[in-house]
Amino acid sequence: LRGNKIQGSIPTSLCNLLFLHVLDLSTNNIIGEIPQCFSHITTLSYMKFPRESLLYGRSGYIDDSSTLYFVDVTMLAWKGQNWEYGKKFGLMKFIDLSGNHLTGEIPHSLAKLLALVGLNLSRNNLTGLIPSNIGHMKMLESLDLSRNYLYVGMPTSFSNLSFLSYMKLSFNNLSWEIPIRTQLQSFYAFAYVGNIGFCGPLATPKPMPNGSGPAN
């Protein structure tokens, strides 16, 4: 349902869709808070498929061992880029609520979505702290919380996200020292830009072929 003119709040009845794999309500006019009951969605809370099957889209390798097939091609914003998914789309476990007008705090109950590989809550009006138990989501590969009003800093449990390869926390009100000897230091500075005062050594971005750096 991405890219429409949907208004109102997210209905809690969505939490009854126990076999939902991907929820994409991005770029709408949705208001209100993120429902606490998302943790009731069974397929997002428990691992059912081997990790090797949770790979890439049409541009990358996909394991052909599964019997889940989808005929239509679907676009999904994944790690900052749009990817086309056809068959095996059902192997993705992803929530994208970006580009709306959501308010309130990020529910701690989201950390119960242990099978989630991607979470995008960017470009909203979310406030408060990043949930301290976010490190429970150990399957996360992509996390975007940029352009909100989150404050304080990064919970220590962040260091448990060993599969995290794409992260943006930019343009919030965060201020904290990035833990040393963790994968969090491998992210480029633009992942943290626009905050009060992150400190600590960060990876140096490699120049693009035209001499410019990575896009924000």
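Structure's up top.
Small disclaimer: the values here were computed from a predicted structure and weren't measured. (Residues numbered from 1 in each chain as written. Predicted model: local features only at pLDDT ≥ 70, side-chain atom pairs only at ≥ 80, totals over all residues. Heavy atoms only, no water.)

Participant: Would you mind going over the overall build of the protein chain with me for this structure?
Facilitator: From N to C terminus, the protein chain includes one helix and 13 strands. Each helix (α) and strand (β) of the protein chain, taken in turn from the N terminus, gives the series β-β-β-α-β-β-β-β-β-β-β-β-β-β. A total of 216 residues make up the protein chain; the buried ones form 49% of that total. Considering only intrachain contacts with a sequence separation of at least 6, the fraction spanning at least 24 residues in the protein chain is 50%. (Helix = DSSP H or I, 4+ residues; strand = E, 2+ residues; numbered from the N terminus. Buried < 20%, exposed > 50% of the residue type's maximum accessible area, 1.4 Å probe, protein only. Contact = heavy atoms within 4.5 Å.)

Participant: Looking at this structure, how should I read the nonpolar core?
Facilitator: Soluble globular proteins: nonpolar side chains tend toward being buried together. Counting 41 residues, the largest nonpolar core has Phe38, Ile95, Leu97, Leu119, Leu121, Phe158 and Leu169 as the members making the most contacts within it. Filtering out sequence-adjacent residues up to four positions away, Leu121 remains in contact with Ile34, Leu97, Ser98, Ile106, Leu110, Leu126, Asp144, Leu145 and Asn148. One finds Val22, Met92, Phe94 and Val117 within the second-largest nonpolar core, a separate group that totals five residues. (Core = buried A, V, L, I, M, F, W, Y, C linked by side-chain atoms within 4.5 Å.)

Participant: What's the story with the sheet that holds strand β13 (residues 173-174) in this structure? I'm lost.
Facilitator: Backbone-to-backbone hydrogen bonds join strands into a sheet, with any given pair of strands oriented parallel or antiparallel. Pairing within the open sheet is parallel, and its three strands lie in the order β9-β11-β13. Of all the strands in the sheet, just β9 (127-128) and β13 have a single pairing partner and so form its edges. Pairing of strand β11 (residues 149-152) with β13, which is carried by two bridges, proceeds in the parallel orientation. Residue pairing across strands places Tyr151 opposite Asn173, the latter belonging to β13. (Pairing = 2+ DSSP bridges.)

Participant: What is the right way to read the sheet that holds strand β10 (residues 142-144) from this model?
Facilitator: Spatially, the five strands line up as an open sheet ordered β2-β6-β8-β10-β12, and their pairing is parallel. A single partner strand is all that each edge strand has here, and the edge strands are β2 (22-24) and β12 (166-168). On average, each strand axis in the sheet is inclined to that of its neighbour by 10°, with strand direction left out of account. Taken together, the three bridges between β2 and strand β6 (residues 94-96) define a ladder with parallel strand orientation. Its bridge partner being in β6, Leu23 is matched across the sheet by Ile95. (Axes fitted to C-alpha atoms, helices over the stretch in contact; angles between N-to-C directions.)

Participant: Explanation requested: the side chain of Asp144 in the structure shown.
Facilitator: Secondary-structure assignment places Asp144 in strand β10. Buried and without a salt bridge, Asp144 has Lys168 as its closest oppositely charged side chain, separated by 5.0 Å. Beyond its immediate stretch of four places on either side in the chain, Asp144 contacts Leu119, Asn120, Leu121, Ser122, Tyr166 and Lys168. (Lys, Arg positive; Asp, Glu negative; His and termini not counted. Salt bridge = Lys/Arg side-chain N within 4 Å of Asp/Glu carboxyl O.)

Participant: When you look at the packing of aromatic side chains in this model, what are you seeing that I'm missing?
Facilitator: Inspection of the entire model under this criterion finds zero aromatic pairs. Directly above the aromatic system of Phe171 lies the positively charged group of Arg147, at a separation of 4.2 Å from the ring centroid. (Phe/Tyr/Trp six-rings, centres within 6.5 Å; stacked < 30°, edge-to-face > 60°. Lys NZ or Arg CZ within 6 Å of the ring centre and 35° of its normal.)

Participant: I'm lost on the pattern of salt bridges in this one. Help?
Facilitator: Pairs can form between side chains of opposite charge whenever their charged atoms are close. Going through the model one piece at a time under the given rule, you end up with one salt bridge. Taking the shortest distance from any N to any O, the salt bridge between Arg2 and Asp24 comes out at 3.8 Å. You can see Arg2 sitting in the segment before β1 (7-9) and its partner Asp24 sitting in strand β2, a full 22 residues away along the chain.

Participant: Help me understand the pairing of strand β3 (residues 29-32) in this model?
Facilitator: Remark: a regular strand shows side chains that alternate across the two faces of the sheet. Pairing geometry for β1 and β3, over three bridges, is parallel. Bridge pairing links Gly8 to Ile30 in β3. One ladder, built from two bridges, connects β3 with strand β7 (residues 101-102); its direction is parallel. The residue of β7 that forms the bridge with Ile31 is His101.

Participant: Explain a nonpolar patch on the surface here, please?
Facilitator: A surface patch of nonpolar side chains, about 270 Å² in accessible area, is lined by Leu129, Tyr151 and Val152. In this fold, Leu129 is placed in the loop between β9 and β10. (Patch = residues over 30% accessible without salt bridge, like charges linked within 9 Å, V, L, I, M, F, W, Y side chains within 5 Å. Areas by Shrake-Rupley, 256 points an atom, 1.4 Å probe, with all protein chains shown as cover.)

Participant: Would you take a moment to explain the side chain of Asn124 for this structure?
Facilitator: Looking at the element boundaries, Asn124 is found in the loop between β8 (118-120) and β9. The class of Asn124 is buried, set by a relative accessible area of 3%. Of the polar contacts made by the side chain of Asn124, one reaches the backbone oxygen of Ser122; its length is 3.1 Å. Filtering out sequence-adjacent residues up to four positions away, Asn124 remains in contact with Leu97, Ser98, Gly99, Asn100, His101, Leu102, Arg147, Asn148 and Tyr149. (Polar contact = N/O pair within 3.5 Å; in protein donor to acceptor, adjacent residues only side chain to side chain.)

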